[in-house]
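# A closer look at the structure
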Amino acid sequence: MNEKILEIQNLTVRFGGFTAINNLNFSLEQGELRVVIGPNGAGKTTFMDAITGKTKPTEGQVFFKGKNLRPYAEYEISRMGIGRKFQTPRVYQKLTPRENLELSGARKKNVWESLTASSSTAERRTVVGLLETIGLAVKADIPAELLSHGEKQRLEIGMLVAQSPDLLLVDEPVAGLTDEETEKVGDLLLTLAESHSIMVIEHDMEFVRQIARQVTVLHQGSVLCEGTMDEVQNNPKVIEVYLGSEEAHAA
Amino acid sequence: MTVETVDGVVGALPGLNTRQRKKALVREAAIALGIALVLMFIIPAILTGLGQGIRVNQLGRFLALAIAALGIDLIWGFTGLLSLGHGIFFALGGYALAMHLQLQDGQIPEFFSLYGVSELPGFWQPFRSLPFTLIAVVIAPAVVAAAIGYLVFRNRIRGVYFSILTQAALIVFFNFFNGQQKLINGTNGLKTDTSTFFGLQVSDPRIQTTFYAFSILFLLGGYFLCRWLTSGRIGRVLVAIRDDEPRVRFSGYNPTGYKVFVFAVSAALAGVAGALYTVQSGIITPKAMDVAFSIEMVIWVALGGRGTLVGAILGTLIVNFARTLLSEKFPEFWLFFQGALFLIVVTVLPMGILGWLRTDGINWLRSLSGREKLITYPSLETDPDVEYERKNLGDSESDG
């Protein structure tokens, strides 16, 4: 049997009286590219928070490579090999793209190690390679705050890759991008999917169609259904809660 | 063709950068050393020649304060931690050295007899040793800061809550030192100027000159320490923590360790400042833990320019000399002036004097000297594509 990289059992997250995630079960195979969709408030971002340790589960477990993540802090989970990209591009504004990538890609991240460490030649070469992959080679040494929105999105994906995680969690990577940029990011994700397991949260249906193989639909904090894009689109439950309601809005 | 340039830029930049950086570093070190030598040998001679010998002592004290300001800049300017409690660390350093000086004549300090204490309290004993004292000046504040910092940062207390907590800690320490007559002479503090040190009275000019020199040396050392910290990998992490701390965790860094470390370094700098300031002013009292004094330290850095290090030193000297000169002439006027100064910094110079100089100031100076203004749209100024086109246009013109 193929080993599951991510396995989530009976996950529940409550904030006060509000249940954001309700008894959710989910698993991701090694090397899989999965898209998670769902209407607003379905708990998509909370789902990622629970995996990355930002929010601790009220009940249930998250297993990454067979290891229960509950006792670990965000930075420990990140070091185990889960990289996360945020909804709005969150790069370090005052640092240059090169420094952003060096920081993310550093192998040693303790205080004492940072005190004495300088980037090894191999690390520097990786950074130069990454800068070309994300198309920021010419802007490598200007502060990241001067980059455009699309460039920041690409830089953040680059930072993720620099961490060389086994699992990438990508939250709405194409929000606010032009069609052309959207396609570029899609291609970038497909290339990455060859060597990583990836979970993408997305709203943009065009984009989902471009990259999706397997789709999971979340609704009110639990999994509504899973399947290929076509299966999901023809599922009456999905049409009712998500696509249907959108059409109703449009009409 | 564009691809070619891209490759060229990528290939050339890193090597050029390190070489340029090294050159700049050597130049900076030379300038700093030069200024230190001028401060040490030329300025005192000039001031004494002008009959202003008393200013040398003031300058020495303010240089000591500037060491504390460097620490504030390190945690506030670079890491985004606004501490309003650095008086604690300043006082700890000052008290440590003062206790050593009080024990010089081998007997128990005079003030103890006032409170009927006949035996030296146990914690005074190790301060008989000079090496222990010197270590304590640095380590005691660092340990206290690390302890406070660990509790605060581990619980993810940030921003204004951190500032309030540091101020609360300051008040706790103030009340403790103020109330303990039988341990450390309470509100009267510890005098140092009548003690003997290496066979001379501490107020002796020869000893004072030595302290003046040490102030310069430690300021220089502190400056290079901060420069080293902020220009390396750790400096990048600190800036990243300042700008987006939650994100840093997801990059695999634990901000707590970094913040505890930098807070402790900053406290150690304040401790050294306190010790040097105490011996040059002759007394340390709990007033060093006045709320106003700790806030003032922040004002020095704000005026000089956050995140610039040089600005912290400059701001300290400007504010303190302004205070001294103004309060000599108009004793009641200073507090109004200080308030106005702070308002001006916040409203007109949010990045401080150095921050202004580096942006608008350059243009202002250029316009004074009748030169053309620089284009001030920074992304244009630094955009390599634009630069490339500019160069290319220039080339085709000269070719044609």
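Here the residue numbering is sequential within each chain, running from 1 through the sequence in written order. Going through the entries in the order they are written, you letter the chains from A and number the ligands from 1. Only residues with pLDDT of at least 70 get local features here, since the model is predicted, and only at 80 or more are side-chain atom pairs given and counted; chain-wide, interface and lining totals rely on the full set of residues. The side-chain values count all of the structure's non-hydrogen atoms but skip hydrogen atoms and water molecules.

## Observations regarding empty space enclosed by the protein
In this analysis the probe radius is 1.4 Å and the grid spacing 1 Å, with only protein atoms considered; a cavity is a set of points the probe fits into but cannot get out of, a pocket is an open set with protein on both sides within 12 Å along at least five of seven lines, and lining residues have an atom within 4 Å of a point. Grid points are joined across faces, edges and corners, and a volume is the space filled by probe spheres set on the points. With the rule as written, the count across this model stands at two cavities of 30 Å³ or more. For the largest cavity, the calculated volume is near 50 Å³. Taken together, A:Ala50, A:Gly53, A:Lys56, A:Pro57, A:Val62, A:Asn68, A:Leu69, A:Arg70 and A:Ile77 make up the full set of residues lining the largest cavity. Looking at the lining of the largest cavity residue by residue, the class counts come to five nonpolar, two polar and two charged. Considered as a void within the structure, the second largest cavity measures approximately 30 Å³ in volume. Lining of the second largest cavity is provided by A:Thr52, A:Glu74, A:Ile77, A:Ser78, A:Ile82, A:Gly83, A:Arg84 and B:Phe250. Helix and strand definitions follow DSSP, with helices as H or I runs of at least four residues and strands as E runs of at least two, each counted in order from the N terminus. Going through the elements one at a time, helix 2 (74-80) and strand 6 (82-85) of chain A are the ones with two or more residues in the lining of the second largest cavity. Its residues placed into classes, the lining of the second largest cavity shows three nonpolar, three polar and two charged. Amino acid classes used here: Ala, Val, Leu, Ile, Met, Phe, Trp, Tyr, Cys and Pro are nonpolar; Asp, Glu, Lys and Arg are charged; the rest, including Gly, are polar.

## What about the interface of chain B and chain A?
Across the boundary between the two partners, chain B contributes 36 residues, which contact 40 residues of chain A. Using a 1.4 Å probe, buried area is obtained as the accessible area two parts lose upon being combined, added over both of them. Carbon and sulfur atoms make up 61% of the surface buried where chain B meets chain A, a total of about 3500 Å² over both sides. For chain B, the biggest contributors to the area lost against chain A are B:Arg233, B:Arg247 and B:Phe250; these three give 25% of the whole. Take a side-chain nitrogen of Lys or Arg and a carboxyl oxygen of Asp or Glu: if they are within 4 Å of each other, that pair is a salt bridge. Put simply, chain B and chain A have five salt bridges between them. A:Glu123 is the salt-bridge partner of B:Arg233, the closest N and O atoms lying 3.9 Å from each other. Identification of polar contacts relies on pairs of N or O atoms within 3.5 Å, with a donor-acceptor requirement for protein atoms, meaning one able to donate a hydrogen and the other able to accept it, and with residues adjacent in sequence counted only if both atoms are side-chain atoms. Between the two partners, chain B and chain A, sit 18 residue pairs in polar contact (both at pLDDT 80 or more). The contact criterion used is simple: two residues touch if any of their non-hydrogen atoms lie within 4.5 Å.

## So, the domain arrangement of chain B
Residues and elements named next belong to chain B. Each domain span listed reflects an automatic or database assignment of domains. On domain assignment, one finds that chain B holds domain 1 (1-51) and domain 2 (54-344). The distance between the C-alpha centroids of domain 1 and domain 2 comes to 29 Å. Counting the surface domain 1 buries against domain 2, the share from its top three residues, Glu28, Leu39 and Met40, is 46%. Counting the contacts that link domain 1 with domain 2 gives one salt bridge. In this structure, glutamate 28 and arginine 227 form a salt bridge, with 2.7 Å as the shortest nitrogen-oxygen distance. Across the contact surface, domain 1 and domain 2 share three residue pairs in polar contact (both at pLDDT 80 or more). Of the residues belonging to the side of domain 1 that touches domain 2, the class tally is 10 nonpolar, one polar and one charged.

## Details of a nonpolar patch on the surface
Each patch is built from salt-bridge-free residues with over 30% relative accessible area, joining like charges within 9 Å and nonpolar side chains (Val, Leu, Ile, Met, Phe, Trp, Tyr) within 5 Å. Note that accessible areas follow from Shrake-Rupley with a 1.4 Å probe, and for residues the cover is restricted to the protein chains shown. A surface patch of nonpolar side chains, amounting to about 590 Å² of accessible area, comprises B:Leu37, B:Val38, B:Phe41, B:Ile42, B:Ile46 and B:Leu50. Here B:Leu50 lies in the loop between helix 1 (2-49) and helix 2 (53-78).

## Topic: the domain arrangement of chain A
All names here are of chain A. Considered domain by domain, chain A is made up of domain 1 (4-91 + 166-250) and domain 2 (92-146). Between domain 1 and domain 2, the C-alpha centre-to-centre distance is 27 Å. Of the roughly 420 Å² buried at the junction of domain 1 and domain 2 (both faces included), carbon and sulfur atoms supply 53%. Together, Arg79, Val91 and Leu188 form the three largest contributors to the area buried by domain 1 at its contact with domain 2, with a combined 93%.

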